[in-house]
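# A closer look at the structure
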Amino acid sequence: MTFNPDKTLYKTSRITKKITGRIILIESVCFILIIALAILIIWPQLLEDSLNKASDRHLELTSQISDSLTDMKEVQNMFLSSNDLKNMLDQYSASNHDPRIYSQIGLALEQYTSISKLRAISIELEGGPRFISVTKITSEDLSIFDSEWYQNIERTKYLSGYSNLYIAELETGQYPSIAFCRNYYDRGKYFTISTFTNVSPLIRSIDSITKDSFSGTAVFDKNGDFLFGSESDEPNISDVSAMIKNEGVESVTKTNNCHYFTRTIDSNGWIVASYISNRDLYRELYPVFLLIIPLICLLYLGTLFLVTSRIRSVMKPLYTLSKTMSSIKDGKMTKSQIDSKDEIEDLANIYNGMLDTIQTGTNQLLEKEKYEQLMQYNLLISQIDPHFICNTISSINSLARMNRNEDIVNINSALISILQDRLRVNGIEIFDSIEQEIEIVKQYLQIQSYRYDYNVNVIWEIEEVSSKQQIPKNIIQPLVENALIHGLIDEKTGSIEGELRISITQKDAFIEIHVIDNGRGIAPDYLEQLTRAPEKTQTDAVDRGKHIGIRNIQGRLKYIYGDMTCLFIHSSLGEGTDILIRLTNDAN
């Protein structure tokens, strides 16, 4: 069935007109202000600031590369200021290439690498030998001497230059390296000095800056050919190279998907290009944008305050009625006092009338349920197996035929004690002393000793518990009965044999009652049924009325202690059964 609201009723509703008019007016103004502020002012400024920051970071990155290349030159200049090395070169030439002096020059070069940032040094005389530092020179370094780039520098007397980035493999690992070669003329001789530098720190610095600020960074030679860069495939390196070759070098270039930042290193003409995609650029703007959220929140709270101050008088009665009605689920039957002179007051009056009706009906149901529960509990306590009474009377008759009067008196007295205890039940006597419960158990055991071929060793363990301590009534005797009839009895002969241990101890805030037998135990599937909650267990028709069982005790314990678990059963076939009842001291 579809509900069609009455338009006339909607237009004449006082609360609807009040709430709708004020919310539309104030929230519309707030929405327009926030959207205009974000689109027209905040976002373009954030984008411009982010690009300026990226440009500054690119300048920093270019400066680091340029400084590293300049350091390679400065190291060679400091190296050439050493007259000792020049003298050794002169001695080598004058000695007609003495091998000892050759070795001394190699050691001197090696010593110099240990006090500089260089990994290896090489000096090659024009038309003469090549001197190389002793260690840390690799096959990749030596291959530089065979390259066309090196041969070109060596042929041109006053030319110098930097190699492309290559990987030098040492025993300690792989190191990105760059070689710087330069021709010199001194003391009438031409010679070429080559220095090999590990640029791992520079590469890490490039990667770090790129990771923080860009999508990728690449270094090109002056012809636009790729030398090295950070690991990135967006955009493709070939696209950046083509852009440099075709369009030249600009400070900032924008495409549909990226912003490019390019600068030239004066010392060697290398071109450093960094690029940031629009996706990464906007991702960087999000954290900055989050800083503006408090401002938006303040604006929102300001408008919210204006809204609530205007509609408070309208919404307060509705809120009060809603909270009052919601309290029913917590069991609170509170009437609503509203004087708003509108539909809310009408609803409150209807609600109060319904509450009176519900309260009256609930009180009647509670009284009836309380009475029924108490009657049910008393019946659970007073239950006694009729077969037990019949069999006991039969045993008395048998003893009478044998003229065993003393035994008749004993068994009859025990039966009377048990029946009197079961009849001694009323609304408040749901507990009894441990002393009384033990006495009933002893009377029961005495009766069973006459009824069966009885050979049971009963062990009592009453430790640290007062005999006057109160416990729920009639919970020990049914457990003892189960132990005898279902654990220790021999179904073929009808005799009862074995050991029965009854233990009552005080542990912390609990009283623990154990009834333990060494009989045949309980099958796992039946044990699982016994440990279920009483309301979830279906009583078999054959077992109903047979004896006071575990479920009877579970039901009474649940009545007293609620959902707290009090009864535990541990049993194994052929080994016996241990039933534990754990009770709190403050139960009564």
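Residues numbered from 1 in each chain as written. Predicted model: local features only at pLDDT ≥ 70, side-chain atom pairs only at ≥ 80, totals over all residues. Heavy atoms only, no water.

## Quick word on the overall build of the protein chain
Helices and strands together make up the secondary structure of the protein chain, namely 16 helices and 18 strands. The long-range share in the protein chain, meaning contacts at least 24 apart out of those at least 6 apart in sequence, stands at 63%. Accessible area for the protein chain stands at about 33700 Å²; split by element, carbon and sulfur atoms hold 54% of it. (Helix = DSSP H or I, 4+ residues; strand = E, 2+ residues; numbered from the N terminus. Contact = heavy atoms within 4.5 Å. Areas by Shrake-Rupley, 256 points an atom, 1.4 Å probe, with all protein chains shown as cover.)

## Observations regarding the nonpolar core
With 47 residues, the main nonpolar core has Ile476, Val480, Leu484, Leu500, Ile513 and Ile581 as its most contacted residues. Looking at this core, the element that brings in the most residues is helix 13 (residues 434–451), giving seven residues. The residues contacting Ile476, other than those within four sequence positions of it, are Glu437, Val441, Ile471, Ile502, Ile504 and Ile513. Among the nonpolar cores identified, the runner-up in size contains 24 residues, and Ala54, Ile206, Leu227 and Ile265 belong to it. (Core = buried A, V, L, I, M, F, W, Y, C linked by side-chain atoms within 4.5 Å. Buried < 20%, exposed > 50% of the residue type's maximum accessible area, 1.4 Å probe, protein only.)

## Points about the confidence of the model for the protein chain
Per-residue pLDDT for the protein chain has a mean of 78; in total, 82% of the residues score no lower than 70. Across residues 1–10 the pLDDT falls below 50, and counting only partners more than four positions away or on other chains, this stretch makes two contacts in the model. The low-confidence segment residues 536–547, where pLDDT is below 50, has 13 contacts with residues more than four positions distant or belonging to other chains. (pLDDT = per-residue confidence, 0-100.)

## Section: the layout of surface pockets
Taken as a whole, the second largest pocket holds about 520 Å³ of empty space. As for the second largest pocket, its lining consists of 22 residues, of which Trp149, Gly161, Tyr162, Ser163 and Trp270 are closest to the centre. Elements represented by at least two residues in the lining of the second largest pocket include exactly helix 6 (148–155) and strand 3 (160–162). No other element matches the four residues that helix 6 contributes to the lining of the second largest pocket. Among the residues forming the lining of the second largest pocket, the class breakdown is nine nonpolar, nine polar and four charged. (1 Å grid on protein atoms, 1.4 Å probe; cavity = no way out; pocket = protein on both sides within 12 Å on 5 of 7 lines; lining within 4 Å. Points joined across faces, edges and corners; volume = space filled by probe spheres on them. Nonpolar A, V, L, I, M, F, W, Y, C, P; charged D, E, K, R; others polar.)

## Section: the packing of aromatic side chains
Applying the stated rule across the entire model yields 13 aromatic pairs. Summarising the aromatic geometry, the rings of Tyr92 and Tyr102 are spaced 6.2 Å apart at their centres and angled 50° between planes, so their arrangement reads as tilted. Residue Tyr92 is found in helix 3 (residues 83–94), and its partner Tyr102 is found in helix 4 (residues 99–114); the two are separated by ten residues along the sequence. The exposure class assigned to Tyr92 is buried, which follows from its relative accessible area of 5%. (Phe/Tyr/Trp six-rings, centres within 6.5 Å; stacked < 30°, edge-to-face > 60°.)

## Observations regarding the sheet that holds strand 11 (residues 271–277)
The strands making up a sheet associate through backbone hydrogen bonding, with each pair oriented either parallel or antiparallel. With antiparallel pairing, the five strands of this open sheet are ordered in space as 8-7-11-10-9. This sheet does not close on itself; its edge strands, each paired only once, are strand 8 (226–229) and strand 9 (252–254). Each adjacent strand pair in this sheet contributes to an overall mean axis angle of 25°, direction not counted. Pairing between strand 7 (residues 216–220) and strand 8: three bridges, direction antiparallel. Opposite Phe220, over in strand 8, you have Phe226 as the bridge partner. Docked against the sheet, helix 7 (residues 200–213) engages strand 7, strand 8 and strand 11, running at close to 135° with respect to strand 7. (Pairing = 2+ DSSP bridges. Axes fitted to C-alpha atoms, helices over the stretch in contact; angles between N-to-C directions.)

## Comments concerning the sheet that holds strand 16 (residues 510–517)
Taking strand neighbours across the sheet as the criterion, the five strands line up as 13-15-16-18-17 in an open arrangement whose pairing is mixed. Each edge of the sheet is formed by a strand with only one pairing partner; in this case those strands are strand 13 (454–463) and strand 17 (567–572). Between one strand axis and the next, the sheet turns through 10° on average, direction left out of account. Bridge count between strand 16 and strand 18 (residues 576–584): eight bridges; the pairing is antiparallel. Following the sheet pairing, Asp517 is matched in strand 18 by Thr577.

## A word on the pattern of salt bridges
Applying the stated criterion across every chain, the model contains 13 salt bridges. A salt bridge links Arg501 to Glu461; the nearest nitrogen and oxygen atoms lie 2.4 Å apart. With Arg501 in strand 15 (residues 496–507) and Glu461 in strand 13, the pair connects residues that are 40 residues apart, well separated along the chain. Residue Arg501 is classed as partly exposed on the basis of its relative accessible area, which comes to 24%. Relative accessible area serves as the criterion here: at 24%, Glu461 is assigned to the partly exposed category. Each of Glu461, Glu499 and Arg501 takes part in a single network of salt bridges with overlapping partners. (Salt bridge = Lys/Arg side-chain N within 4 Å of Asp/Glu carboxyl O.)

## A short note on unusual backbone geometry
Here the phi dihedral of Asn474 falls at roughly 60°; this positive angle occurs in a residue that is not glycine. Mapped onto the fold, Asn474 is located in the loop between strand 14 (470–472) and helix 14 (476–488). Assessed through its relative accessible area of 1%, Asn474 is described here as buried. Positive phi, close to 55°, is recorded for Asp508, a residue that is not glycine.

## Examining the packing of helix 14 against helix 16 (residues 550–561)
Here helix 14 crosses helix 16 at 160°, and the two axes come no closer than 10 Å. Considering the angle they form, helix 14 stands roughly antiparallel to helix 16. As for how helix 14 packs across helix 16, the hand of that crossing is left-handed. Between helix 14, through Pro478, Leu479 and Asn482, and helix 16, the contact on the second element is made entirely by Ile550, Ile553 and Arg556. Within the contact of helix 14 with helix 16, the residues separate by chemical class into four nonpolar, one polar and one charged. (Parallel < 35°, antiparallel > 145°, perpendicular 65-115°, else oblique. Left-handed = near helix turned anticlockwise from the far one by under 90°.)

## A closer look at the environment of Thr135
Mapped onto the elements, Thr135 comes out in the loop between strand 2 (130–132) and helix 5 (139–142). Along the sequence, Thr135 and Gly106 sit 29 residues apart, while their C-alpha atoms lie 9.4 Å from each other. Dropping the residues within four chain positions of it, Thr135 is found in contact with Glu110 and Arg119. A distance of 2.4 Å separates polar atoms of two side chains, one belonging to Thr135 and the other to Glu110. (Polar contact = N/O pair within 3.5 Å; in protein donor to acceptor, adjacent residues only side chain to side chain.)

## Here we look at a nonpolar patch on the surface
Side chains of Phe31, Ile32, Ile35, Ile39, Leu40 and Ile41 sit close together on the surface and give an oily, nonpolar patch of about 660 Å² of accessible area. By the secondary structure assignment, Ile41 is in helix 2 (residues 14–80). Judged by relative accessible area, Ile41 falls into the exposed class, the value being 54%. (Patch = residues over 30% accessible without salt bridge, like charges linked within 9 Å, V, L, I, M, F, W, Y side chains within 5 Å.)

## A short note on the pairing of strand 5 (residues 173–186)
Alignment of strand 3 against strand 5, held across three bridges, turns out to be antiparallel. The partner of Tyr162 across the bridge, within strand 5, is Phe180. Between strand 4 (residues 166–170) and strand 5, which follow one another and run antiparallel, lie two residues. Examined bridge by bridge, strand 5 and strand 6 (residues 189–198) share ten bridges and lie antiparallel to one another. Looking across to strand 6, one finds that Ala179 is bridged to Phe196. Between the antiparallel neighbours strand 5 and strand 6 lie two residues, among them Arg187 with a positive phi of about 55°.

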